[in-house]
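In case you want the letters, here they are:
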Amino acid sequence: MRRERRFRSNNHRFAFHFFLILFFGKQTVAELRYSIPEEMKEGTVVGNVAKDLGLDKTYLVDRRFRVVSGSKDAFFEVNPDNGALQVNKKIDREGLCLGSGAFVEITDVNDHSPSFSEKVQTFEIGEQSSPGTRFELHAARDPDAGMNSIRTYMLTSNDHFEIEIIQSDEDKIPFLVLKKSLDREQKDKHLLFVTAVDGGKPPRSGTLNVSITVLDINDNRPMFSQNNYQTEIYENVSVGTTVTKVDATDPDEGPNGEIEYSLSKTLARKVYEIFELDSLSGQITLKGSLDFEEADIYKLDVQASDKGTPPLTSRCRVIVKIKDVNDNPPEIEVTSLSNTVSEDSKPGTVISLISVTDNDSGINGKIISSITEKVPFELKPSYKENTYSLVTREVLDREQVPQYDITIKATDCGEPPISTFKTLNIQISDVNDNSPHFDQSPIQFYLVENNVAGKSIFSISATDNDINENAAVTYHILRGGSDNDLTPSFLNINSDNGQISALKSFDFETVKTFQFRVVASDSGTPSLSSNVTVNVFILDQNDNAPVILYPVSSNGSVEGVEEIPRNVNAGHLVTKVRAYDADIGYNGWLLFSLQEVTDHSLFGLDRYTGQIRTLRSFTETDEAEHKLVILVKDNGNVSLSATATVIVKLVEPKEAFAASDVKSSAKADEDNNVTFYLMITLGSVSALFLISIIVLIAMQCSKSTDYTSKYLQETNYDGTLCHSIQYRSGDKRYMLVGPRMSIGSTIVPGSHANTLVLPDRRRTSEEVSWFILTA
């Protein structure tokens, strides 16, 4: 167009319109217009037809590329080697155009579509390229000329590129212009279509595929899928367990998109000891053991870094919450403890303060506390949770239980539950709440007569259930009893040990029993005391020898004469030896034996009764006088004895009767004297007997049920000069036998039974021996 304008403005120019017909596979007709000055030399190049038609120069010769003018004298020719249109001969414009300025135009038909030399054009554009950057596109070719040639280029609609056409001579050169920055991460390839449109009617077009590959730069940081990761694990999971996994992505490619994970360098040292992060996978595993009680949460800062130059990083936070398991037993702490509590403490008295804790949390740290034994103590909850007061629940008694081992059990509510035990030793301190007490009341002691004056005769002991000073017992005898009973005044007691000594020697025959009271006092404040009645029974010793009551002569000698008829039969009672022993029991049990006798075949002596009887009838040859010496001895351990002599004279029957009268008269006088003595003895013995009965009855009334002595008056009293008192204490039975009482005796038939009769002495100690002493 520029050339056409130039030709019109300069009349020295020569305009030439022509058709070029060439066979290029098929016949091609195109309209080209060139303007040249006239009178140009031969060989002057007007234009390059092949180039303007977009023809491949290598095929021009083979296709017989030429100018078809229809005239033998052609002004132009085409160089088949390069497609250049050259002046064949000088052109005289005035001669050719006859000076009219008119020209001949050959009109083109739009029978060709624009075409590109290549179907696809590829670009690689870095995403860092700035808007305005231009990229030259292949230009399309259209064999048509004039208005049918390429008029414009169009680009498919997109956000990043636009097309710009630059006119270069007769050519329109298209450029791809970047109007918006590229982002490979959003779109790494762009496929555009450039369409070349000619000016024909209707227009024709050709398309060029433009493939744009966006080259990556490290313009994206790694991005985590979450800004905060949160997970929960139990504290007892094993080492090596996967805790969680972080995941970051980088839309860049190549090294720019390769990610490495690491823990932040600013974390606490403990974190690095417990957790381990895989730098490639982002997996966090357990490296060390967990303990909820040490830390219940961990916050890990994880960094993701790409391998670009320079590398870009991003961070996320991983929160690991530790879940508690029941791995801690409860702990019992005694914050205040009084190891000693007085036995007079009232119920509700606080002994100690106890707190229980459990390092576990939730239900695992919920604690139930209790006392395992049945004790007079209880736990009372305080206003503060898991705090208790140990208080007394009942009245205490040190004498029953002096100390308590209180076991406190604390059990948590975990699954399975864990229990802890703690034992508290509580000592019960004593108060003086017990009086001294005697094992039995009243107390009986048996004292053998003839004791040594000043020596200990027995001891009394009282115990006190209290301890220390409250149990330190002292003794004293309670004076001022009966005015008639002066016996306690002869006794002395050791205040520390209760040893009792007598200041005089006792005689059974004078005093057989007496009583006194002993007081035992403790040393507590105030002092408590108790007393006991002590009954003392004097035990007999064999300190009295037998006394011969008959025969006794007028001059006081123990000798008698008995006259008997010579014609008496065997078994005739000659006489009876009567004796008395002031001792009792075995000591007063008398046995008779013949010490001397002239003829053993004539007389016999009953060893128990003292009766002398004939063993056979007398003969004429028997002596008229016989002497019998009788030995009377008691049955004591050291036997005491006395002897009596009886002279037996044999007389004729008539003489015997006369002698009998005389003897009866003498006998009457003698009996009167004996009766007098016997009455005195009987009176004294009866008085002693009555006193003993009264004392024993009083003792019986004052005794307790367990230790009551039962005094039994023997119903076998026969009015003789012998008496007996039988009594029992506990499981033992005792008997006091005095003169002239027959108790449970066996009377020898045919006799007056005035002699003591005893059963076998070899009986056991539990058996009771019965004594009979007759007059």
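Rules and cut-offs
- Residues numbered from 1 in each chain as written.
- Predicted model: local features only at pLDDT ≥ 70, side-chain atom pairs only at ≥ 80, totals over all residues.
- Heavy atoms only, no water.
- Helix = DSSP H or I, 4+ residues; strand = E, 2+ residues; numbered from the N terminus.
- Buried < 20%, exposed > 50% of the residue type's maximum accessible area, 1.4 Å probe, protein only.
- Contact = heavy atoms within 4.5 Å.
- Areas by Shrake-Rupley, 256 points an atom, 1.4 Å probe, with all protein chains shown as cover.
- Lys, Arg positive; Asp, Glu negative; His and termini not counted.
- Salt bridge = Lys/Arg side-chain N within 4 Å of Asp/Glu carboxyl O.
- Polar contact = N/O pair within 3.5 Å; in protein donor to acceptor, adjacent residues only side chain to side chain.
- Pairing = 2+ DSSP bridges.
- Axes fitted to C-alpha atoms, helices over the stretch in contact; angles between N-to-C directions.
- Phe/Tyr/Trp six-rings, centres within 6.5 Å; stacked < 30°, edge-to-face > 60°.
- Lys NZ or Arg CZ within 6 Å of the ring centre and 35° of its normal.
- pLDDT = per-residue confidence, 0-100.

Digging into the overall build of the chain
Within the chain, the secondary structure is distributed over five helices and 50 strands. Counting across all 775 residues of the chain, residues that qualify as buried make up 43%. Across the chain, contacts joining residues at least 24 apart in sequence account for 65% of those joining residues at least 6 apart. When the accessible surface of the chain is totalled, it reaches about 41,400 Å², and 50% of it is carbon and sulfur.

Some points on the side chain of Glu-127
With respect to the secondary-structure elements, Glu-127 resides in the loop between strand E6 (120-126) and strand E7 (134-136). Here Glu-127 is buried and forms no salt bridge, its nearest opposite-charge partner Arg-184 lying at an N-O distance of 4.7 Å. Here the side chain of Glu-127 touches Ile-217 through a polar contact of 2.7 Å, landing on its backbone nitrogen. Beyond its immediate chain neighbours, meaning those up to four positions away, Glu-127 contacts Leu-182, Asp-183, Arg-184, Glu-185, Val-214, Leu-215, Asp-216, Ile-217, Asp-219 and Asp-252.

A closer look at unusual backbone geometry
With an omega of -5°, the peptide bond between Thr-309 and Pro-310 qualifies as cis. Assignment of secondary structure puts Pro-310 in the loop between strand E20 (297-306) and strand E21 (313-323). A cis amide bond links Glu-415 to the next residue, Pro-416, at an omega of 0°. Relative to the helices and strands, Pro-416 is located in the loop between strand E28 (403-412) and strand E29 (419-429). Unlike most non-glycine residues, Asn-386 shows phi in positive territory, near 65°.

Here's the deal with the side chain of Asp-430
Relative to the helices and strands, Asp-430 resides in the loop between E29 and strand E30 (437-438). In this structure the side chain of Asp-430 is engaged in a polar contact, spanning 3.1 Å, whose partner is the side chain of Arg-398. A polar side-chain atom of Asp-430 sits 3.1 Å from the main-chain amide nitrogen of Ile-467. Filtering out sequence-adjacent residues up to four positions away, Asp-430 remains in contact with Glu-343, Arg-398, Glu-399, Asp-466, Ile-467 and Asn-470.

A closer look at the sheet that holds strand E26 (residues 377-381)
As summarised here, the arrangement of the four strands in space is E22-E24-E27-E26, forming an open sheet in which the pairing is antiparallel. Of all the strands in the sheet, just strand E22 (331-337) and E26 have a single pairing partner and so form its edges. The mean angle between the axes of side-by-side strands here comes to 30°, regardless of whether they run parallel or antiparallel. Across five bridges, the pairing between strand E24 (residues 350-357) and strand E27 (residues 387-392) is antiparallel. Pairing of Val-350 across the sheet is with Val-391, part of E27.

So, the sheet that holds strand E37 (residues 513-521)
Strand order in the open sheet formed by four strands is E31-E38-E37-E34, with mixed pairing between adjacent strands. Either end of the sheet is taken by a strand with one partner, and the two such strands are strand E31 (443-448) and strand E34 (474-478). The mean inter-strand angle of the sheet, taken between neighbouring strand axes irrespective of direction, is 30°. Note that E37 and strand E38 (residues 529-539) share nine bridges and pair antiparallel. Looking at E38, one finds that Gln-515 is bridged to Asn-535.

Examining the pattern of salt bridges
Scanning all chains against the criterion turns up 15 salt bridges. A salt bridge links Lys-366 to Glu-385, with the shortest nitrogen-to-oxygen separation between them at 3.6 Å. Taken together, the positions of Lys-366 in the loop between E24 and strand E25 (367-371) and Glu-385 in the loop between E26 and E27 put the pair 19 residues apart, joining distant regions of the chain. Residue classification places Lys-366 among the partly exposed positions, given a relative accessible area of 41%. With a relative accessible area of 56%, Glu-385 lands in the exposed category. Linking Asp-622 and Arg-616 is a salt bridge whose minimum nitrogen-to-oxygen distance equals 3.1 Å. Judged by relative accessible area, which is 10%, Asp-622 ranks as buried. A single network of salt bridges, built from pairs that share partners, joins Arg-184, Glu-185, Asp-216 and Glu-253.

Overview of the packing of aromatic side chains
Scanning the entire structure with this criterion turns up twelve aromatic pairs. Relative to Tyr-261, the ring of Phe-224 has its centre 6.2 Å away and its plane inclined at 50°; by these criteria the two rings are tilted. Of the two residues, Phe-224 sits in strand E13 (residues 223-224) while Tyr-261 sits in strand E17 (residues 259-263), which places them 37 residues apart along the sequence. Residue class for Tyr-261 comes out buried when judged on its relative accessible area of 7%. Ring centres of Tyr-446 and Phe-537 lie 5.4 Å apart, and the angle between their planes is 20°; this geometry places the pair in the stacked category. Pair noted here: Tyr-446 is in strand E31 and Phe-537 is in strand E38, with a separation of 91 residues, a long-range link. According to the relative accessible area criterion, Phe-537 is buried, its value standing at 3%. Members of the aromatic cluster, joined through ring pairs, are Phe-445, Phe-458, Phe-506, Phe-514 and Phe-516. Stacked on the ring of Phe-175, the Lys or Arg Arg-134 has its end atom at 4.9 Å from the ring centre.

A closer look at the confidence of the model for the chain
Residues with a pLDDT of 70 or more make up 77% of the chain, whose mean pLDDT is 80. Of all the helices and strands in the chain, strand E48 (residues 710-713) carries the lowest mean pLDDT, 34, while strand E19 (residues 283-286) carries the highest, 96. Contacts from residues 1-29, a stretch scored under 50 in pLDDT, to residues over four places away or in other chains number 78 contacts. Within the model, pLDDT remains below 50 along residues 98-104, and this stretch shows seven contacts once partners closer than five positions in the same chain are excluded.

Thoughts on the environment of Ile-354
By secondary structure assignment, the location of Ile-354 is in strand E24. As for Ile-354 and Ser-336, which are separated by 18 residues in sequence, their C-alpha atoms are 7.2 Å apart. Excluding its chain neighbours within four sequence positions, the residues that come into contact with Ile-354 are Ile-332, Glu-333, Val-334, Thr-335, Leu-379, Asn-386, Thr-387, Tyr-388, Leu-390, Ile-408 and Leu-424.

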